[in-house]
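What the coordinates show
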Amino acid sequence: MAVTGLLLLGFVIAHLLGNLCVFGGPDLLNSYAYHLEGLGPLLWAARLGLLILVLLHITTAVQLVLENRKARPVPYQRYKPVETTYAARTMAASGVIVLAFIVYHLLHFTFRVTHPDISHGLDPHGHRDVYRMVVLSFGDPRVAGGYVFAMALLCLHLSHGFKSLFQSMGWNSIRLEPKLAGISRLLALLIFIGYSSIPLAVLLGFVKPAGALS
Amino acid sequence: MNLVLHVWRQKNNSEKGKMVRYEAQDINPHMSFLEMLDVVNERLIQKGEDPVAFDHDCREGICGACSLTINGRPHGPERGTTVCQLHMRHFKDGEEIYIEPWRAKAFPVIKDLVVARQAFDRIIQSGGFVSVKTGSAQDANTILIGKDTADKAMDAAACIGCGACVAACPNASAMLFVAAKVSHLALMPQGQVEKQKRVLNMVRTMDNENFGNCTNHYECEAACPKEISVDFIAQMNREYLHASINEKR
């Protein structure tokens, strides 16, 4: 759980940095996408690795939840937790919703199934026009809203997951614990702001379609 | 003071239990929670009813026998307090109080509020000891132990094995108990010799006893009457990782 979670967090951060290219304009984003796809077999190896990580993360999570449910067959009539957080108690729910989002997200931007009308254009350099696809997609408040909601849940998931992994791996200590809790929340918040800034910038008109730039 | 109690009544392990309502009138607020239950039981016996079974022994907070979940919290609302040391003045007159046993598959109910905690004994039997030659003890000062280490080991050794950590955990995990036992021995030079074998055996026995897994909610630390820190869980995880890597070599 901890190891796969940490590696997946690495992807979340790398993916965010790539996405932020959108603020550099259509040329930067499209050439980033062009070079990423140019990696060919390397890219597919990375994608396969990610798929394996996600599957391992899900398998261990399902195992964990099933074992934990079995460990208390008769529930409390009254149960008042005092120390745990909302994020910690909703890890399974936030995980399932984020998974559903990932499936939609891949169909949307990677396989370009959900919005075929705006997803197959080329830019003036002959590169795939990712910029146009992103900006026109997020122009729809439902797509943008769903994206921001999924990011909020992802970051809720991370705010518990990040500090939790240090405890599970035995890297935690009394002195480190409060700092880790703070870093975990800050990291989750930064990732949330980073990802959400893109649909919000499109909706608020800071990032415009390429035709409207000049 | 007058109270309304909702108490879990269960005849034995095979029958289903249920909450039963009792009125506890004229309770002295200076009584401990267990003394209040004694009074309730005396009245039940006078009426010819079956008294409520609950575990208790020393009644001074050091034996770990008492084990009641009060209003959804093991050992009740006060931090660092066993039920026997919890006094009725912490409750309001007329309050409704829900009293349940520890709830975990690993702790089956024997009767009413009494659960079997032999799973803990089996964990201890699998490694919670130091194998030493018996005979005359050597002078205590021949083995020097730093104050910090001694204090830390003592913090872990404060565990009375009551099981509140399991009862409080959303997953009914026994990690805090096992971590306390593993750490207090691993910190001492006498216990270090067997520390790898110990952590492997105790963790594996715990896994086989139907406890849940730790997902780092830290409810155990909040419920522990001895306020044992989840830091020991991190320490045990570290030791377990080292030991299992060494084992494969």
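Residues numbered from 1 in each chain as written. Chains lettered and ligands numbered in written order. Predicted model: local features only at pLDDT ≥ 70, side-chain atom pairs only at ≥ 80, totals over all residues.

So, on to the overall build of chain A. Scanning chain A from N- to C-terminus turns up nine helices and zero strands. Scanning chain A from its N terminus toward the C terminus, one meets helices and strands in the order α-α-α-α-α-α-α-α-α. Dimensions of chain A, computed from the C-alpha atoms along their principal axes, are close to 65 × 40 × 35 Å. Per-residue burial over chain A gives 25% buried out of 214 residues. In chain A, the proportion of contacts linking residues at least 24 apart, taken out of those at least 6 apart, comes to 76%. (Helix = DSSP H or I, 4+ residues; strand = E, 2+ residues; numbered from the N terminus. Buried ≥ 20, exposed ≤ 12 C-beta atoms within 10 Å, placed from the backbone. Contact = placed C-beta atoms within 7 Å.)

A few words now on the overall build of chain B. Helix and strand content of chain B: nine helices and seven strands. Counting over 249 residues, chain B shows a buried share of 45%. Pairs at least 24 residues apart make up 71% of the contacts formed inside chain B by residues separated by at least 6 positions.

Residues and elements named next belong to chain B. Split into domains, chain B comes out as domain 1 (3-111) and domain 2 (118-131 + 146-248). Taking the mean C-alpha position of each, domain 1 and domain 2 sit 28 Å from one another. Listed per partner, the contact involves 19 residues of domain 1 and 16 residues of domain 2. Here the side of domain 1 that touches domain 2 is built from residues that sort into seven nonpolar, eight polar and four charged. (Domains from an automatic or database assignment. Nonpolar A, V, L, I, M, F, W, Y, C, P; charged D, E, K, R; others polar.)

Looking now at helix H5 (residues 175-186) of chain B. Taking 1.5 Å per residue as the helical rise, H5 of chain B with its twelve residues ought to reach 16 Å, and the 16 Å between its terminal C-alpha atoms agrees with that figure. Here H5 of chain B lies mainly inside the structure; twelve of its twelve residues are buried. (Expected span 1.5 Å × (residues − 1).)

Residues and elements named next belong to chain B. Strand order in the open sheet made by the five strands is E2-E1-E5-E3-E4, with mixed pairing throughout. Both outer strands of the open sheet, strand E2 (18-24) and strand E4 (73-74), are each paired with one neighbouring strand and no more. Relative to strand E5 (residues 96-100), strand E1 (residues 3-9) is paired through four bridges, and the arrangement is parallel. Paired with Val7 across the strands is Ile99, a residue of E5. (Pairing = 2+ DSSP bridges.)

Each partner contributes to the interface: chain B provides 32 residues, whereas chain A provides 28 residues. Taken together, the residues of the side of chain B that touches chain A sort by class into eleven nonpolar, 13 polar and eight charged.

Residue and element names in this part refer to chain B. Here Leu86 lies in the loop between E4 and E5. For Leu86, a count of 23 C-beta atoms within 10 Å corresponds to the buried category. Between the alpha carbons of Leu86 and Met31 there is a distance of 8.6 Å; along the sequence they are 55 residues apart. Those residues in contact with Leu86 that sit more than four places away from it in its chain are Ser32, Phe33, His75, Gly76, Glu78 and Thr81.

Position of His242 of chain B among the secondary structure elements: in helix H9 (residues 231-248). Sequence spacing of His242 of chain B and Leu3 of chain B is 239 residues, and the spatial spacing of their C-alpha atoms is 52 Å.

A word on the packing of helix H1 (residues 2-19) of chain A against helix H8 (residues 141-168) of chain A. Residues and elements named next belong to chain A. Between H1 and H8, the least distance of the axes is 9 Å, while the angle of their chain directions is 130°. Taken together, H1 and H8 sit at an angle that is classed as oblique. At the point where H1 passes H8, the crossing takes the left-handed sense. Between H1 and H8, the contacting residues are Ala2, Gly5, Leu6 and Leu9 on the first element and Leu158, Gly161, Phe162, Leu165 and Ser168 on the second. Residues belonging to the contact of H1 with H8 are distributed by class as follows: six nonpolar, three polar and no charged. (Axes fitted to C-alpha atoms, helices over the stretch in contact; angles between N-to-C directions. Parallel < 35°, antiparallel > 145°, perpendicular 65-115°, else oblique. Left-handed = near helix turned anticlockwise from the far one by under 90°.)

Turning to the nonpolar core, a few remarks are in order. If you look at the biggest cluster of nonpolar residues, it comprises 50 residues, and the most contacted ones within it are Cys165, Val166, Leu176 and Val178 of chain B. When residues of this core are traced back to their parent elements, those giving at least two are helix H2 (118-125), helix H4 (164-168), H5, helix H7 (195-208), helix H8 (219-223) and H9 of chain B. In terms of residues, this core owes the most to one element, H5 of chain B, which gives nine residues. Both domain 1 (3-111) and domain 2 (118-131 + 146-248) of chain B contribute no fewer than three residues apiece to this core. Ignoring any residue separated from it by four or fewer positions in sequence, one finds Val166 of chain B in contact with Trp102, Ala104, Ala106, Phe107, Ala172, Ser173, Ala174, Phe177 and Phe211 of chain B. In this structure, Tyr32, Ala88, Val130 and Leu165 of chain A belong to the second largest nonpolar core, which totals 30 residues. (Core = buried A, V, L, I, M, F, W, Y, C linked by C-beta atoms within 7 Å.)

Between its first and last C-alpha atoms H9 of chain B spans 26 Å; for 18 residues at 1.5 Å apiece the expected length is 26 Å, and the two agree. Among all positions of H9 of chain B, only Asp231, Phe232, Ile233, Ala234, Gln235, Met236, Asn237, Glu239 and Tyr240 of chain B are buried. Elements that come into contact with the buried residues of H9 of chain B comprise H8 of chain A together with helix H3 (147-157), H5 and H7 of chain B.

For a regular strand, the rule is simple: side chains alternate between the two faces of the sheet. Residues and elements named next belong to chain B. Within E5, four of the five residues are buried, which leaves the element mostly enclosed by the surrounding structure. Looking at chain direction, strand E3 (residues 69-70) and E5 are connected through two bridges and run antiparallel. In the sheet register, Thr69 faces E5, and the bridge partner there is Glu100.

Right, let's talk about unusual backbone geometry for a bit. Residue and element names in this part refer to chain B. If you check the backbone angles, Asp26 has positive phi at about 55° while not being a glycine. Tracing the chain through its elements places Asp26 in the loop between E2 and helix H1 (33-46). On the basis of neighbour count, Asp26 is assigned to the exposed category, with 7 C-beta atoms found within 10 Å. Even without being a glycine, Glu227 presents a positive backbone phi close to 50°. Among the structural elements, Glu227 can be located in the loop between H8 and H9. Taking the number of C-beta atoms within 10 Å as the measure of exposure, Glu227 has 13 and is therefore partly exposed.

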